[in-house]
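Structural description and commentary
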Amino acid sequence: MSAVSSRLPAFPWDKLEPYKATAAAHPDGIVDLSVGTPVDPVPAIVQQALIAAADSPGYPTVWGTAALRDALVGWCERRLGAVSFTHSNVLPVVGSKELVAWLPTQLGLGAGDTVAYPRLAYPTYEVGARLCGATPVVYDDPTKLDPAGLKLLWLNSPSNPTGRVLPKGELTRIVAWAREHGVLVFSDECYLELGWETEPVSVLHPDVCGGTYEGVVSVHSLSKRSNLAGYRAAFIAGDAAVLGELLGIRKHGGMMTPAPVQAATVAALGDDTHVGEQRARYAARRSALREALLGHGFRIEHSEASLYLWATRDETCWDTVAYLAELGILVAPGDFYGAAGERFVRVALTATDERVEAAVKRLG
């Protein structure tokens, strides 16, 4: 156990605790814009589906019910533009973080293999590589990487933490390069429903993948679009051969989405109304926080999509974290996401309207 844990970086969020205590001491209470956990209610239609499926005494299947697979296929075709999708092109997972962390292991990667991810990125990409003993490598342009030994290439658009969106042309170029060199592409698209200044495109769109899914898989989550972080509802879609291999492994591991959550997922993917309502909430919060930060002297880069503002005062991120903590506002330091973020902070939009209003007043 110690040998495995010694491969991993220190858990970053523990470093934020002293600043959280400072922010919590503010007379009007803390405004927590750090982690990015949903705070709005689970849609009623989803709760009702969960309740209706509560009497589920038997084991669920790893592949999910036929109704769930139908919902996943239908959503990918309707929302992502995927064509000729079948049940073999989709697979539910127990939250996207679990998938990211254990994917390299389940793919059989290890010493001598390379896993690549963006220079500024969700820390679990690195964790997944280190868990299986593979070598993690960061990139600015993945097509400049040495493809020798490169077994898994992570894309992330819209990006966490920066909110950057990869244009369709860039995605097409990267997918073509990866196929040429036999590199498996996994595209983390968990924030795809939250484009503000541009419309994010999936790697499953025929303009990107050419209508064939060989070597390409996308990752999706209902945590942010439907406020289901507590449900651990997510799925992957794409290359049937890759998904079939993962399905066989996950059957042995008992990695099953609970039956009530499967039913809730069907309801969530079949209803676009609650997604539009939640987008409107986040859009209003984004506008208010963005204007307040700019008015306070911050500069914001990228942030054209996702649930975050990537902001800087042109100082070290920890100085900014400390400064905002004195105002009772907690944000995430940019170096949690790589050394390239050392002068930025990530400001989440996931706070109630009342708490966002409090932050705006303090910044004003």
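Residues numbered from 1 in each chain as written. Predicted model: local features only at pLDDT ≥ 70, side-chain atom pairs only at ≥ 80, totals over all residues. Heavy atoms only, no water.

A look at helix α4 (residues 66–80)
The condition that has to hold: Each helix is a run of DSSP H or I of at least 4 residues and each strand a run of E of at least 2, with the numbering of both proceeding from the N terminus. Multiplying 1.5 Å by the residue count of a helix minus one yields the expected span of that helix. The buried label goes to any residue with under 20% of its type's maximum accessible area, the exposed label to any with over 50%, and the partly exposed label to all in between, with areas taken from a 1.4 Å probe on protein chains only. Whether two residues are in contact is decided by their heavy atoms: any pair within 4.5 Å suffices.
Compared with the 21 Å implied by 1.5 Å per residue over 15 residues, the 20 Å span of α4 between its first and last C-alpha is a close match. For α4, the set of buried residues is Leu68, Arg69, Ala71, Leu72, Val73, Trp75, Cys76 and Leu80. Where α4 is buried, its residues touch β2 (90–93), β7 (216–221), β8 (234–238) and α10 (259–269).

Observations concerning the pattern of salt bridges
As a reminder of what qualifies: By definition, a salt bridge exists where a carboxyl oxygen of Asp or Glu is found within 4 Å of a side-chain nitrogen of Lys or Arg.
One pass over the structure, following the stated rule, counts 21 salt bridges. For the salt bridge of Lys151 with Asp113, the shortest nitrogen-to-oxygen distance reads 2.9 Å. Highlighted residues: Lys151 in strand β5 (residues 150–156) and Asp113 in the loop between α5 (96–106) and β3 (114–118), separated in sequence by 38 residues. Among the residues examined, Lys151 registers a relative accessible area of 38% and is labelled partly exposed. For Arg225, the salt bridge goes to Glu193, with nearest N and O atoms at 3.2 Å. In this pair, Arg225 sits in the loop between β7 and β8 while Glu193 sits in the loop between β6 (184–188) and α8 (206–209), placing the two residues 32 residues apart along the sequence. Taking relative accessible area as the criterion, Arg225 reaches 4% and is therefore assigned buried. When salt bridges that share partners are traced, they join Asp28, Glu354, Arg355 and Arg362 into one network.

Focus: the packing of aromatic side chains
Given two aromatic rings, one states the distance between the centres and the angle between the planes to describe the pair. Rule in force here: Within 6.5 Å between ring centres, the rings of Phe, Tyr and Trp (the latter by its six-membered ring) count as paired, and their orientation is classed by plane angle as stacked under 30 degrees, edge-to-face over 60, tilted in between. Any Lys NZ or Arg CZ found within 6 Å of a ring centre and within 35 degrees of that ring's normal is scored as a charge over the ring.
On inspection of all chains with the given rule, the structure shows twelve aromatic pairs. When the centroid spacing of 5.0 Å and the interplanar angle of 80° are considered together, the rings of Trp13 and Phe336 count as edge-to-face. Highlighted residues: Trp13 in the loop between α1 (2–5) and α2 (17–24) and Phe336 in the loop between β12 (332–333) and β13 (345–348), separated in sequence by 323 residues. Relative accessible area serves as the criterion here: at 21%, Trp13 is assigned to the partly exposed category. Each member of the aromatic cluster is reached from another via a ring pair, and the members are Trp13, Tyr19, Trp318, Phe336 and Tyr337. When the ring centre of Tyr323 is taken as reference, the NZ or CZ atom of Arg313 above it lies at 3.8 Å. The positively charged end of Arg346 is found above the aromatic ring belonging to Tyr308, 3.8 Å away from the centroid.

Any functional reading would require information beyond the geometric quantities listed.
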